[in-house]
Amino acid sequence: MISKRIFASLPFLRNPSNWKVFGLNSQIKRNVSQSKIPKISINSKVSRICAMMGGGLALGYGVVYCSKKVIQSKSTLLADSIERPKFKISREIYNEADQSGLKITLYQYQTCPFCCKVRAFLDYHGLSYNVIEVNSVKQTQIKWSTYRKVPIVVLEGIGQNGYIQLNDSSVIISLLSTHLRHPDVSIEKLVTYYPTLKSMNDKGKTVFEHPNKYFVMNFSDLPEEKMKAGKKERIWREWADSVLVHMLSPNIYRTPIEALQAFNHFDEVGNWEQNFSKFERLVVIYVGAAAMFIIGKVLKRRYDLKDDVRLSLYEACNHWTRELKKQSTKFMGGNLPNLADLAVYGVLSSIEGCKAFEDTLENTDISQWYYDTKNIAVNRTKCPTVGLLDKKHA
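Numbers given to residues run from 1 along each chain, matching the order in which its sequence is written. The predicted nature of this model means local features are confined to residues of pLDDT at least 70 and side-chain atom pairs, given and counted, to a pLDDT of 80 or more, with totals for whole chains, interfaces and linings taken over all residues. Processing note: side-chain calculations cover all non-hydrogen atoms of the structure and skip hydrogens and water entirely.

A. How the structure looks around the overall build of the chain. Along its length, the chain carries 17 helices and nine strands. To sort residues, take the accessible area from a 1.4 Å probe on protein chains only and compare it with the maximum for the residue type: under 20% means buried, over 50% means exposed, and anything in between is partly exposed. Taken over 394 residues, the chain has a buried fraction of 54%. All accessible-area figures derive from a Shrake-Rupley calculation using a 1.4 Å probe, and residue coverage is judged against the displayed protein chains alone. When the accessible surface of the chain is split by element, carbon and sulfur atoms take 52% of a total near 17,700 Å². Secondary structure is summarised from DSSP: a helix means a run of H or I of at least four residues, a strand means a run of E of at least two, and numbering begins at the N terminus for each.

B. Quick peek at the pairing of strand β5 (residues 152–156). Burial analysis of β5 places four of its five residues in the buried class, which makes it a mostly covered element. Relative to β5, strand β3 (residues 104–108) is paired through four bridges, and the arrangement is antiparallel. The partner of Thr-105 across the bridge, within β5, is Val-154. The pairing criterion is simple: DSSP has to find at least two bridges between the two strands. Bridge count for β5 against strand β6 (residues 163–167) is five bridges, and the pairing is antiparallel. Counted as the bridge partner of Glu-156 is Tyr-163 from β6. Adjacent in sequence and paired antiparallel, β5 and β6 are bridged by six residues, among which Gly-157 carries a positive phi angle near 80 degrees.

C. Seen up close, the packing of helix α9 (residues 224–242) against helix α15 (residues 339–349). Helix axes are fitted to C-alpha atoms over the stretch in contact, other axes to C-alpha atoms as well, and angles between N-to-C directions run from 0 to 180 degrees. Axis separation between α9 and α15 bottoms out at 8 Å; the angle between their running directions is 10 degrees. As judged from the angle between their axes, α9 and α15 are roughly parallel. For the pair formed by α9 and α15, the contact residues are Glu-233, Trp-236, Arg-237, Trp-239 and Ala-240 on the first element and Leu-339, Ala-340, Ala-343, Val-344 and Val-347 on the second. Here roughly perpendicular refers to angles of 65 to 115 degrees, roughly parallel to angles under 35, roughly antiparallel to angles over 145, and oblique to all remaining angles. A contact between two residues is defined here by any heavy atoms of the two lying within 4.5 Å.

D. Helix α16 (residues 355–363), seen in detail. The complete set of buried residues in α16 reads Ala-356, Phe-357, Asp-359, Thr-360 and Leu-361. Contact partners of the buried residues in α16: α10 (248–252), α14 (309–327), α15 and α17 (366–377).

E. Up close: α15. By the criterion of burial, α15 is predominantly enclosed, with 11 of the 11 residues buried. Within α15, the full set of buried residues consists of Leu-339, Ala-340, Asp-341, Leu-342, Ala-343, Val-344, Tyr-345, Gly-346, Val-347, Leu-348 and Ser-349. Pairing of N or O atoms within 3.5 Å defines a polar contact, subject to two protein rules: one partner must be a possible hydrogen donor and the other a possible acceptor, and residues neighboring in sequence count only if both atoms are side-chain atoms. Its side-chain oxygen 3.0 Å from the backbone nitrogen of Ala-340, Asn-338 forms the N-cap of α15.

F. Summary view of the pairing of strand β4 (residues 129–133). Summarising burial for β4: five of the five residues are buried, a large majority. Residues Tyr-129, Val-131 and Glu-133 point to one face of β4 and Asn-130 and Ile-132 to the other, with burial holding for every one of them. Pairing between β3 and β4: five bridges, direction parallel. Bridge pairing links Thr-105 to Asn-130 in β4.

G. Highlighting the packing of helix α6 (residues 113–124) against helix α7 (residues 169–181). Here α6 crosses α7 at 15 degrees, and the two axes come no closer than 9 Å. Judged by the angle between their axes, α6 and α7 are roughly parallel. With respect to the hand of their crossing, α6 and α7 are arranged in left-handed fashion. Here Phe-114, Lys-117, Val-118, Phe-121 and Leu-122 of α6 come into contact with α7, specifically with Ser-169, Ser-170, Ile-172, Ile-173, Leu-176, Ser-177 and Leu-180. Per-class residue counts for the contact of α6 with α7 are eight nonpolar, three polar and one charged. In this scheme, a crossing is called left-handed if the near helix is turned counterclockwise away from the far one by less than a right angle; it is called right-handed if the turn is clockwise. Residue polarity follows a fixed list, in which Ala, Val, Leu, Ile, Met, Phe, Trp, Tyr, Cys and Pro are nonpolar, Asp, Glu, Lys and Arg are charged, and the others, Gly among them, are polar.

H. Focus on the nonpolar core. Leu-166, Leu-176, Phe-263, Trp-320 and Trp-369 are the most contacted members of the largest nonpolar core, which totals 93 residues. Examining the composition of this core, we find that eight residues originate from one element, α15, more than from any other. Not counting chain neighbours up to four residues away, the residues in contact with Trp-369 comprise Trp-320, Leu-324, Lys-330, Phe-331, Asp-341, Val-344, Tyr-345 and Leu-348. We define a nonpolar core as any set of buried Ala, Val, Leu, Ile, Met, Phe, Trp, Tyr and Cys residues linked to one another through side-chain atoms lying within 4.5 Å.

I. Seen up close, the pattern of salt bridges. Definition used for salt bridges: Asp or Glu carboxyl oxygen within 4 Å of a side-chain nitrogen of Lys or Arg. Within the structure shown, the criterion is met by 13 salt bridges. A salt bridge links Arg-310 to Glu-258; the shortest N-O distance between them is 2.7 Å. Separated by 52 residues along the polypeptide, Arg-310 in helix α14 and Glu-258 in helix α11 (residues 256–269) bring together distant segments of the chain.

J. Spotlight on the environment of Val-245. Assignment of secondary structure puts Val-245 in the loop between α9 and α10. The buried category is assigned to Val-245, whose relative accessible area is 0%. Residues Val-245 and Pro-113, spaced 132 residues apart in sequence, show a C-alpha to C-alpha distance of 7.5 Å.

K. Just the packing of aromatic side chains, in detail. Pairing of aromatic rings covers Phe, Tyr and Trp, the last through its six-membered ring, and needs centres within 6.5 Å; plane angles under 30 degrees mean stacked, over 60 mean edge-to-face, and all others mean tilted. What the rule picks out here adds up to 15 aromatic pairs. Residues Trp-369 and Tyr-370 carry aromatic rings whose centres are separated by 6.5 Å and whose planes lie at 65 degrees to one another, so their mutual orientation is edge-to-face. Residue Trp-369 is classed as buried on the basis of its relative accessible area of 3%. Ring geometry for Tyr-370 against Tyr-371: centres 5.2 Å apart, planes inclined by 90 degrees, an arrangement best described as edge-to-face. Taking the relative accessible area as the measure of exposure, Tyr-370 reaches 0% and is therefore buried. In this structure an aromatic cluster arises from ring pairing among Trp-236, Trp-239, Trp-320, Tyr-345, Phe-357, Trp-369, Tyr-370 and Tyr-371. Counted as over-ring charges are cases with an Arg CZ or a Lys NZ within 6 Å of the ring centre that also lie within 35 degrees of the ring normal. Above the ring of Trp-144, the side-chain terminus of Arg-84 is found at 5.8 Å from the ring centroid.

Everything listed here is a matter of geometry and, on its own, says nothing about what the molecule does.
Structure (structure tokens):
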């Protein structure tokens, strides 16, 4: 949400004539400015452990907010001027019907929920892209970047340095969605609508915030109905990031056996054998499972989950499906998924294959919606753009 502090720090937003780009009117702006999101800090030792473990632990590390003080705002996203090394492409997703003209490279951890969100968006829109799997221990593939989290999307062949770097899953999705709606507006210009706030947390560490990340920009007046739909979509996208994602780690690492099962699953679907030595894999799997079992308990208390954490996960999923029933629509977007559907689906897809996921399908009503969304977002059987090919590089 855009707070009063952020409005004050960004001159572009002080001019009411620019609010229509965000689909805002004065009443919506007041409502948004009054919303408050709790900022939660976590023990620095826990953060260091999670950062060291990387990929499989992204479920525990990537969902943490830090209390912070704004020290600088920039009018553009972070863009590194250093030469970007070339790395082996892990997978190539090619769609012969893609007419976007975008050359996209996604730096990711396969099982990171935020990376899963981005892939769901790219697949749904039939965009071709290359995947570079980041070694979650050494992080070699993103050491060139001053932004050291995944996902990172690089748009090749444009920008001052021959590429434009996009950070933060929600920024990536919002900016690319805006571009698909308004292909006549350059990526370089769109980047200026998603400023980065450089901040200092209570541990003295520099962090980055993207205040407009849930906004898809509009360059013409929208009818009231579409403005309301856009606001609702933003609320549920934020819910996926600030509520649903916090249910995952305490559930998939609920017991030592489940934690080990989860890491073995991550090893398989993440192709860790290609990115780790045998010793590194054993360390990540066994030490990681033990560490995340403990950290899962910390996160359970941190986010005030129920004693049986499954119940909190079920409650969150039922909250989503109740809203669908209230709308009497197949998806939150109506007849087709919108960005909220893709966000919730992406987050949940990160634990598909884990016992927590199987239990959730058995004990909630989310199964039908989940597989309907997957059928469209991934299999592409009901969308006009078809022909996705997944080429794995040995």
